Structure formats: C-alpha cells, structure tokens
Amino acid sequence: MATSIRNTKMLLRRAFSVKRNETLARNLCFTRTLNANEDQDDSKKVVAEKKNKAELREAKQKEAKAKLNMLLESMSKTTSKAFPSESTLSLATPKIRAKPAKPVKRTAVNTKIEPEMLQAVEDVSNMLSKEKEASKNSLIAKLEAVADESERARLEPFKPNKQKTEDLNSLLNTLKVDGKKPKNKPPAPKLAPVKVEDIYGAQPSGIFSKAHFKEESSAVSGLATWDMLYERELELAVTHPPANGFQQMIRWTKQGKVWQFPIDNEQGLDEEAQVGFHEHVFLEPHLKPWCPRRGPVRHFMELVVVGLSKNPYLTVAQKKEHINWFRDFFEAKRSILIDTGAIPDITTKSSPSIST
Amino acid sequence: MMSYPNLNALVWQHLFRNARRLQSVWKSGRPIVPNGNSFSTEAKEIAIPNYIPRGPTDILEALASTVKRDPTAPHYKFHDDPYLIPASNHAKRSYALAQEAGRKAANWIKQEHAELFQHRNAEPFIEAFSPAEKLAETTPMTEDLLKKYIHTSQVANAIHVYGKLDASALSPETRQSFLEFVAFYNEEDQLNEDFIEERWFKSGMKGKDQIRQTWKNNGLAETVFNSMERKTPEAYCALICGMARHGKAVGAWEYYNQMLAEGFTPNLTTYNSIFKIAGIVREDAEHQIILIDETLRSMVHAGIQPNVRTLNSILESISRIPIYRVAREKSLQVLSDFKTIGVKPSLGSYYFLLKIFCREKGPINNILVGIVNRLEYEMPPLQDLHDVAFFAEAMRVCNYHLEDVQLAKRLHDLLCLPQNQTLIGDSYKESIYYRCFLLLLTRAEGPEALMEMYRHLVPNIYTPEQNVFEAVVKSIAECSAVQYVPELWSDAVYMDMGERESILEVLLEALASGSGPDPKTVSDKDDVDPVLATARAIIAHVDNFLKVAEEKDRTTSLRWTGSMLGNLAKVFLQYGDVASANGIMIKVNTLKNQLSSFFPVATLNKFYESCIERQDSAMALMAIAYAVEMGYDESSSMAKQAREQLKLDERQQQKLNSILGSTSTTSEES
C-alpha cells in the first residue's frame, strides 16, 4: 500500500515537473524516438500501480484519487488562464505536425496517445476483467485530456507561475509518504528548439555588392603603434596564470629569462657568431710577418699560439692583441736577444721578419 | 628530377649493405625477413620530410599540451602543500595575491637597490633580471629612450621623457607614435606585465557595457595634436580612436567631421571607432542605423575592406538599440552583408549577438544553439578584445534565458578544449560562468549527475558562492539524496561556509529529508551511519564555534535556531540516537526564547512519543514544558498522555502541575 501511494506521488511529481518543463506531455504522447524506452518503463509502472490499486483500502484510494484529480483539474484550469496566448515570439511556435493517423491494431481509438501507452491501458483493463470497456475508456479519456492540455501548454511560451507552484507544493506536501522518496529527478528539461535561429537568416542589403577593395587597404595610413598596442592588449587578455610548469617556462622564455629550446649554447652570442671557427684556431699566420723561423723565440711563440687556440674564453681580437704584445716585447728586447744568440744576427742576411 | 626519389633509394642501398632489412624495419616498425627475388623491384622511395622551422617555445607548447587539467589538484600557482591549498574564494584570492606581493617586493628591492644588481656574469646578458634604468636629472633624454618606453608600454616614463625633450626637434614618426601611444592608454600608467595575478583578479573591466567617459579633456594627447603644425590624417585618426576608446564620443565625432572637411580619408581603425560610437552621437535607432549604413558606404567608396572588428563594432552599437525587433533585423542583415565579403564572425560578434537576441524580459530566442553548432564545427581565432567575454555570457544565457542543460554541457565541452581554456577572460567572468553552470545543473539534473559535475568542479576549479552552494544542497534535499549530505557538509567546512546560518539551515534540512537508516544494509555495530555522524559533527562544530566566539569576545551572527535543532532531533530520532536527541531537547530548553524560530511541533511530538515509549519522564516533562511555553495546542493532550502512560513520582507530578499551571487545570475541569 505504501508503495502505491508513493507511486501516486511520483506520478504527481512527474506531472508537476511537466508543468514546468513540458516534458511529460512529450514523454507520453509525442517523443517516439528519444524516450521510447522510458515510456515503456513508465507504462509498466502504471500497470503495476493499477494492480496494486485494486488491493487498496477504500479510504486511501479515494484520497489519492481525489488529489490526483484535483491536481489535474487545477492544471487544466490554470493553464488556459495563466498563459496568455499572445506571443511576440513567432519563432518559438512550432508547426503542429499533422500526425499520420496510425491505426492501432486492436483499438483504433485515437491517435493522440502513443501505441505503447495504449497497450498498457489495454493490459490494465484486461486485469480488471469486470467493466473492462468502461475502465479502458475512462483511462483513455484521462490520458487524452492530459495530452490535449500539454499540447496546448507546449505551444504557449513557458512562464513559471509562482502562485501555482506554491499551490502544487502545498498539495504535494500534504501527501504522506511512508517509504523513501524517489531518488531520481525527472529527466533534464529539454526545450528542444523548434527552429534554430540562423545567424545568416537575413537577406544581405547588398551594400558591398559592387565594392572593390584595395589589396593593402588595411596597411594604408595605418596606425602602427596603435595596432601594436592593441595586439599587446589582446595577448594580455588571454595570458592567464600558468596552469603547469611548461606554461611557466613558456612565459619565462618569452621574457628572455631562460634558455630557448632547442638548447643552443651559442644563443645570444651574436658578435661571436660573426667570427669563424678557423680564426680562433689557426693563429700561426699572425706569427708569419715577424717571428723568426726557428730558434727559442719561435718555439716559445708556437707554444703561445697553441695555448691561445685552445682558449675558449678570449675573442679573436683579444688573441691577436696577445700575440702583438709579445711581438712588441721581443722587439724591445731585440739587442739582448741578438747578443745571446736567441735570434740570429741577420743584419747581414736581413731576416724579413723582425726588422720590418 | 623525376628519378630523384629512386636515386635516393639507391644511395640508401649503397650506404647500407643490408639496406633491404633496414628499410623494412623503418617502414613497418618491425623487421621483415626479405625473400631474395623481390630485392630490386621493391626498392621503395624514401621521402625525407621538409625541415620545419621551430620557434623557441614550440617544444614547450607541445609538452604543455600533454598536461591536462587535473580537477583533483589545486591550481599550479598554489604551493603543493596540503596546509597551503586554498578552498574558499577568499583564500584563493589572498594566497595568489600574496605570492604576487612577494614578486612585487622583490621587484621593489631590485629597483631601490639597483647598485647591488649590476653584475653581468650571465652571457648572454638577461635584460629582464637587471634593474630598469632610473630616470634621473642627469639621464640624457633622447628620442631613442622615448621610443624604447613606447615599445615597452611604460606610459609615465614616456610622458616624462617627452616633457623633457624639445617636441619640435622630434621626428614626425616619433611624434605620431607618441600621439597614438598617449591616446591609446589615455595617459594612464599600465600594470606591469609580470603581475599576472593582479590582472587576473582585477574585476572584468574590458567587457563592461556602459561607456564611461574617461578621456582626459585637454590632456596630453590633444596638446600633442595641437602642437603639430601640419595635421596629418594619421594624427586625426589617432585622436579619434583614442577619444572613441575612452568614451568621449562627441569629441571623436567632431574631429571626424573636421577630418572629412579637410578632405582626408579615415583609415580602418578610425571607421571602426566611429561605428562604436554611432549609438551615442545619434539618439534614436533609426538615425543610428542610417549613420552606420552611410559610414559603410563611405568605406566602400574609399575601397577600405572592413574586418571582423568592424563587424563587432557595428554589432556593439546595435546591441544598445533598445527596440528588440529593429536590433534583431539589423544585426542579421549586417551579418549577411559581411558574409558576402568573406568576413567571418569572431567570438566577440557572437557575444554581441547574444546581447541583442537574448535580453532580460525579452522573448526567448535560441540563437545560441546555432552559434554553438558553428563553434563545434570551427572555432574562430582570437581577434577582438570582446572575444573573451563570450563564454560567460553564453553560459548566462543558457542558465537564465534558455534553461537548456544539454546546450550548457556542449558549451562547457567547448571551453574545456585545451586551446579554448584561455578564452574564459578573467576570474570575474570565470566565476559568472561556473555559477550559471552549476545553478542550471541544480535545477535540471538528478542528484547523481549533479554531484558528478560538482565533484569535478569544486573546489579546485571553482568555489561556489553561498547562494550557489545553498542551491546545490536544496536540490539534493528535494530528491532526499541524503547520502550526499555528509560530503557537502565537509565541503562547506572546507570552503569556510560551515559557520553561515543559512548554509547550516539548508544542510540540516537536507539531512533530515531522509527516511532513517536503510534496514537492508547490515552495518557493523561500531560503524556509525555517515548521516548520523554528520549530524553529530555539525552540533560539535557549531557548539565549538560559539564557544570560541564567546571566549574571545567575538561577535558572530551564528545562532542556533529552532528549525536547525528540530532537524537535528529528527535525524537523531530516525537513527535511534536517544542520548543525542535528549541533548538537543536540553539545548532547546536552555535557549528557549533565544531561538529565532520555533522547534517544529511535529518533531516535538515524535520526541515526546519516544520518551513515553522508553518511560523517560524527565525528558517528557521537558518537552511538555517547551510546548506549554510556546503555546502549542498539543500541550494539553501531551500532559494528559503523561498522566496516563508515564509513571511519575511525586516531585515530577508537582512539576507537571507547576508547568501546566492554569492551562491544565482549566482543561481538566472542562
């Protein structure tokens, strides 16, 4: 018994939600494809409920029935009043599709009710056995009334009515439910758009029909600084606190704070990039103009040159300067060097190097 | 050239003796044993892909795209320390800004003690780490310095340098550049680019609707303009754009006419600015539309091709037309017109379309459905500053206008794409977006679906505001999904909302909406039902909070109310926790008149019945006392029941009489 009452309440809640979302109407009568399965479930529930109802105690049944009727009545009374038919929105009005009259095999009663639903009604009335026809007709009449009502409501733009909602709420609250309330809410309101407003729905005025735009028109007399600042602003508008370490590194890279990928250890050494590798390594040509061909001075200078060629910390200019310093040094000490025989006395033979 | 690929293959074979095998490995990813005779015929060509030049951040961007947003972790900016993970909006904001404050302090020190940061041992030298040069009296003021400041958007410094320089000695290009610069920023110094958090939390200024006049009248921009001997069209353009940008529509309009009178042709940016102010210089809709059409015609005449920002400026102007029908028709016509010249709308255009079509109190329009269809097909690139306002507005429309949860979910899926995540705007727009989303879900979804999304968003992506959280709890209560309430309660505590009276009210309402323990589930004896545990935790939390507040002499707005205690008592009775229920009744009796609402009579009755059942006369008397004091009608019947069914000793009898006082005597007599 408790379950049956709960079922009644569930029905009421469903009906209530329909009021708001116009879904039940479609669940019951219209949506074939989407909710066909659900409908079947629903109709099964209805059947179960009807079965139980037969075993109900008189009083409870009457109460529940009275409330259901009251609710359905209040729904039908108020909808026509509450929703004025004038609507400024021509688009939201769906075309009332002429339903192809599908002949239902056993009962070609009407076309407004889903075949599954009709089947369910049939089953119920079979169960009742007595006054089979009467109960069937009354059930169908009820369903039809609901269907009509929801159809009418569906075509009106939806406006929630606080007063009515309150009434329904209070009505619902007076019902006593022994078991748990249903845990699932009704399915999400699907206000399926009838006709989607297309952004290209209008006729163009033809203002551009004869236009001939210059190719580089945007570049002509452009505001360079203005555009740069706008771009900057645009970039800042989508620069948000970094969401991970990589994004942070991207920011740092753009600010020039970290090495760029792929790693290049000569990055940013633009001046050095002008100088070739060979100029760093092959320094002997710089000795050629002045250094004696053999002897301790030559030996020493060769060692200096080898050392310099391996030194990565000096620029080529610095290396040349280094070599030139030794040249000047040996030039200054020239007489001593000749005396000690470190360089051959070449006044006679005229060495090309140091004298020049 | 034809045989080039074959040649390639031949070289390959030549180079490697077992070229066949290598090749098959290379092609298929696994070794294939070659059969002898197919050797020469199957020499496939090797196509070496073209070299793709990569930028310095490309690798990082590819890596970053592999990191998905993790809803279970706090945002990257917060410290990875459980103690420092913020949950409430207030904490999030203050933690992020605190970090930024540290960054600012470091910047300040670097600036104030510049002499300490002069070492240059990094090679190449990193400009960003060196202190900015301070402008002193001795600093030589040059044109290059001015250019540098313009380029790095340092407004105050640029203005300072300009003041020191001889304006007439500057090159015309620099003067023009400076004019544009001053007009763009309206002489206001800009927030340093480094302070990313501050910009994030600065409430949404860019998408604001009202044009406020912020233009500095007779300011530097106009002075620079007037000082030019020969007024170039560019100078006019810069001034007009600046005035339009900063809300001085009339001034911009005047200079525009002046410019036309001089015979100059405005450029594209200037036309766009004029469209933007069309609604202000022309009062009624009809003239505004005429002005727009005229301006468009003159653009066509000058051969200037409009771009997407032109479209957005026109739509922005139309969105201010109060008459729905006119605005709607004109905007659709403009869109179709722009389609003929191949200008595709950006997100900003859609934003204005929503403003035009989905007005408050206006008729319901589902244009957003079409827009989302388009966006799912192709996402336009970022082109306009208004683009970032789209998602918040669209979600607002989903929630308040269409009430369409499916559409909202599609929109959310769009935003969740990695390349679109930056389009949310700022923290303000983000909170609008998620607020609308969650509010819509509370109305449309069942508890399971709602909680699934709730768990995904809260608390790391979004912290609900008080009213949103209340809506979630109410929605849960409506379905009696009491199993989620413990989780919500712990979230409320976590998000600093456990001390708010309205939150406690709805939470307890939800907690009491259940129907007691599930008899089917057999639980351990030591196992406390989570609902019961939550009820106990709430009592302890509130009591503790009140105690601390009292001890520290803090004023608090939190008070126990009758309905809160009623719901708690209901839960305890449901779960058979008599001791706690008694505790509640004692609390009710001590607080009595301090309670802002009444202890509900239904729960009182239930409690009373349970007292009778277990013959607890002391508690029963307490319940009667409360009923009498509150003037409940039930008090007399309760007293009667007490006399009949309870074994009262003499003192209790006396007490009962004294409680009932005159009321009972009269009722007994009658």
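For chain B, the name recorded in an unreviewed UniProt entry is Small ribosomal subunit protein mS39, with Daphnia sinensis as its organism. Check the Subcellular location (unreviewed entry) section of the UniProt entry for chain B; it says "Mitochondrion".

An unreviewed UniProt entry annotates chain A as Small ribosomal subunit protein mS31 of Daphnia sinensis. Chain A has a UniProt comment under Subcellular location (unreviewed entry) that states "Mitochondrion". Note on chain A: under the UniProt heading Sequence similarities (unreviewed entry), the record states "Belongs to the mitochondrion-specific ribosomal protein mS31 family."

### Topic: the overall build of chain B
Scanning chain B for helices and strands turns up 31 helices and zero strands. Expressed as a percentage of the 670 residues in chain B, the buried residues total 48%. Taking all contacts inside chain B whose residues are at least 6 apart in sequence as the whole, residues at least 24 apart take part in 69%. Split by element, the accessible area of chain B, about 34200 Å² in all, is 53% carbon and sulfur.

### A word on the overall build of chain A
In terms of helices and strands, chain A carries 14 helices and zero strands. Each helix and strand of chain A, ordered N terminal to C terminal, gives the series α-α-α-α-α-α-α-α-α-α-α-α-α-α. Expressed as a percentage of the 356 residues in chain A, the buried residues total 36%. Of all intrachain contacts in chain A linking residues separated by at least 6 positions in sequence, the fraction that spans at least 24 positions is 68%. In the structure as shown, chain A presents an accessible area of about 22400 Å², 56% of it carried by carbon and sulfur atoms.

### So, the confidence of the model for chain A
Any segment with low pLDDT has predicted coordinates that should not be analysed in fine detail. Residue and element names in this part refer to chain A. Across chain A, pLDDT averages 68, with 50% of residues at or above 70. The low-confidence segment residues 15–39, where pLDDT is below 50, has 61 contacts with residues more than four positions distant or belonging to other chains. Ignoring residues within four places in sequence, the model shows residues 98–109, a span with pLDDT below 50, making twelve contacts including any to other chains.

### Brief notes about the nonpolar core
Most often, soluble globular proteins keep nonpolar side chains buried together rather than apart. One finds Phe178, Leu368 and Phe390 of chain B to be the most contacted residues of the largest nonpolar core, which totals 208 residues. Element by element, the count of residues in this core is highest for helix 20 (residues 427–444) of chain B, at ten residues. Residues in contact with Phe390 of chain B, not counting those within four places in the same chain, are Leu347, Tyr350, Tyr351, Leu354, Leu368, Ile371, Leu375 and Leu411 of chain B. Residues Val304, Val305, Leu308 and Leu337 of chain A belong to the second largest nonpolar core, which totals 15 residues.

### Some thoughts on the pattern of salt bridges
When the charged atoms of two side chains lie near each other, side chains of opposite charge can form a pair. Going through the model one piece at a time under the given rule, you end up with 25 salt bridges over all chains. Glu233 of chain A serves as the salt-bridge partner of Arg245 of chain B, at 3.1 Å between the closest nitrogen and oxygen. Separated into two different chains, Arg245 of chain B in helix 10 (residues 233–245) and Glu233 of chain A in helix 8 (residues 224–237) make up a pair that spans both. Here Lys104 of chain B ties to Glu198 of chain B by a salt bridge, and the two come within 2.3 Å at their closest N and O atoms. Of this pair, Lys104 of chain B sits in helix 4 (residues 89–112) while Glu198 of chain B sits in helix 8 (residues 196–201); the two residues are 94 residues apart in sequence, bridging distant segments of the chain. What makes Glu198 of chain B partly exposed here is its relative accessible area of 25%.

### Quick word on the interface of chain B and chain A
Taken together, the contacts link 103 residues of chain B with 79 residues of chain A. Across the chain B to chain A interface the summed buried area is about 8100 Å²; carbon plus sulfur atoms make up 63%. Note that Arg309 of chain B is salt-bridged to Glu231 of chain A, the shortest N-O span being 3.5 Å. In this assembly, chain B and chain A are joined by 17 residue pairs in polar contact (both at pLDDT 80 or more). When residues in the side of chain B that touches chain A are grouped by element, the largest group, nine residues, is from helix 15 (residues 324–340) of chain B. Residues belonging to the side of chain B that touches chain A are distributed by class as follows: 49 nonpolar, 29 polar and 25 charged.

### Here we look at the side chain of Ser319 of chain B
All names here are of chain B. Relative to the helices and strands, Ser319 is located in the loop between helix 14 (308–318) and helix 15. A residue is classified by how much of its surface remains accessible, and Ser319, at 18% relative accessible area, is buried. Here Glu316 takes part through its backbone oxygen, which lies 2.6 Å from a polar atom of the side chain of Ser319. Ignoring any residue separated from it by four or fewer positions in sequence, one finds Ser319 in contact with Phe352, Lys355, Ile356 and Arg359.

### Describing the packing of aromatic side chains
All chains considered together, the criterion is met by 26 aromatic pairs over all chains. Between the aromatic rings of Phe225 of chain B and Tyr255 of chain B, the centroid separation amounts to 5.5 Å while the plane-to-plane angle is 85°, which identifies the pairing as edge-to-face. Taken together, the residues Phe225 of chain B in helix 9 (residues 220–227) and Tyr255 of chain B in helix 11 (residues 249–261) connect sequence positions 30 residues apart. By relative accessible area, which is 1% here, Phe225 of chain B ends up buried. Residue Tyr255 of chain B is classed as buried on the basis of its relative accessible area, which comes to 13%. Summarising the aromatic geometry, the rings of Phe598 of chain B and Tyr632 of chain B are spaced 6.5 Å apart at their centres and angled 75° between planes, so their arrangement reads as edge-to-face. Taken as a pair, Phe598 of chain B in the loop between helix 27 (578–591) and helix 28 (601–613) and Tyr632 of chain B in the loop between helix 29 (617–630) and helix 30 (634–645) lie far apart in primary sequence, 34 residues in all. Judged by its relative accessible area of 55%, Phe598 of chain B falls in the exposed class. In textbook terms, an aromatic cluster arises when at least three aromatic residues are bridged by ring pairs, as seen for Trp290, Phe300, Trp325, Phe326, Phe329 and Phe330 of chain A. Directly above the aromatic system of Phe225 of chain B lies the positively charged group of Lys231 of chain B, at a separation of 5.5 Å from the ring centroid. Residue placement shows Arg245 of chain B over the ring face of Phe184 of chain B; its charged tip is 4.0 Å from the ring centre.

### Regarding the confidence of the model for chain B
Residues and elements named next belong to chain B. Residues with a pLDDT of 70 or more make up 90% of chain B, whose mean pLDDT is 86. For residues 1–5, every residue scores under 50 in pLDDT, and the model assigns this stretch one contact once sequence neighbours within four places are set aside. Low confidence marks residues 664–670, where pLDDT is under 50. Its contacts with residues over four positions away, or in another chain, come to two contacts. Here the predicted complex scores 0.72 on pTM and 0.84 on ipTM.

### Section: unusual backbone geometry
With an omega dihedral of -10°, the bond running from Phe261 of chain A to Pro262 of chain A counts as a cis peptide bond. Val458 of chain B connects to Pro459 of chain B through a cis peptide bond whose omega is 0°. Note on placement: Pro459 of chain B falls in the loop between helix 21 (447–457) and helix 22 (466–478). The phi dihedral of Asn186 of chain B falls on the positive side, at around 55°, and the residue is not glycine. As for its position among the elements, Asn186 of chain B is in the loop between helix 7 (172–185) and helix 8.

### A word on the packing of helix 14 of chain B against helix 15 of chain B
How two helices sit against one another is set out by the angle between their axes and by the gap between those axes. Residue and element names in this part refer to chain B. Contact geometry for helix 14 and helix 15: axes closest at 10 Å, N-to-C directions at 175°. In terms of axis orientation, helix 14 runs roughly antiparallel to helix 15. Packed against helix 14, whose contacting residues are Thr310, Leu311, Ile314, Leu315 and Ile318, the element helix 15 presents Ala327, Lys330, Ser331, Val334, Leu335 and Phe338 at the interface.

### Some points on helix 15 of chain B
Residues and elements named next belong to chain B. Helix length check: helix 15 (17 residues) gives 25 Å between terminal C-alpha atoms against 24 Å at 1.5 Å per residue, within 8%. Most of helix 15 is tucked away, with twelve of its 17 residues classed as buried. Restricting attention to buried positions, one finds in helix 15 the residues Tyr324, Val326, Ala327, Arg328, Lys330, Ser331, Leu332, Val334, Leu335, Ser336, Asp337 and Phe338. Buried residues in helix 15 make contact with helix 13 (285–302), helix 14 and helix 16 (347–357). Note on helix 15: the residue one or two positions beyond its end, Gly342, has a positive phi of about 75°.

### Overview of the environment of Val281 of chain B
Residues and elements named next belong to chain B. Tracing the chain through its elements places Val281 in helix 12 (residues 268–281). Taking the C-alpha atoms as reference, Val281 lies 9.9 Å from Gly251; in sequence the two are 30 residues apart. Each residue touching Val281, except ones within four places of it in the same chain, is listed here: Ala249, Trp253 and Leu291.

Thresholds applied
- Residues numbered from 1 in each chain as written.
- Chains lettered and ligands numbered in written order.
- Predicted model: local features only at pLDDT ≥ 70, side-chain atom pairs only at ≥ 80, totals over all residues.
- Heavy atoms only, no water.
- UniProt positions renumbered as here; feature names shortened; annotations may be inferred.
- Helix = DSSP H or I, 4+ residues; strand = E, 2+ residues; numbered from the N terminus.
- Buried < 20%, exposed > 50% of the residue type's maximum accessible area, 1.4 Å probe, protein only.
- Contact = heavy atoms within 4.5 Å.
- Areas by Shrake-Rupley, 256 points an atom, 1.4 Å probe, with all protein chains shown as cover.
- pLDDT = per-residue confidence, 0-100.
- Core = buried A, V, L, I, M, F, W, Y, C linked by side-chain atoms within 4.5 Å.
- Salt bridge = Lys/Arg side-chain N within 4 Å of Asp/Glu carboxyl O.
- Buried area = accessible area lost by both parts, 1.4 Å probe.
- Polar contact = N/O pair within 3.5 Å; in protein donor to acceptor, adjacent residues only side chain to side chain.
- Nonpolar A, V, L, I, M, F, W, Y, C, P; charged D, E, K, R; others polar.
- Phe/Tyr/Trp six-rings, centres within 6.5 Å; stacked < 30°, edge-to-face > 60°.
- Lys NZ or Arg CZ within 6 Å of the ring centre and 35° of its normal.
- Axes fitted to C-alpha atoms, helices over the stretch in contact; angles between N-to-C directions.
- Parallel < 35°, antiparallel > 145°, perpendicular 65-115°, else oblique.
- Expected span 1.5 Å × (residues − 1).

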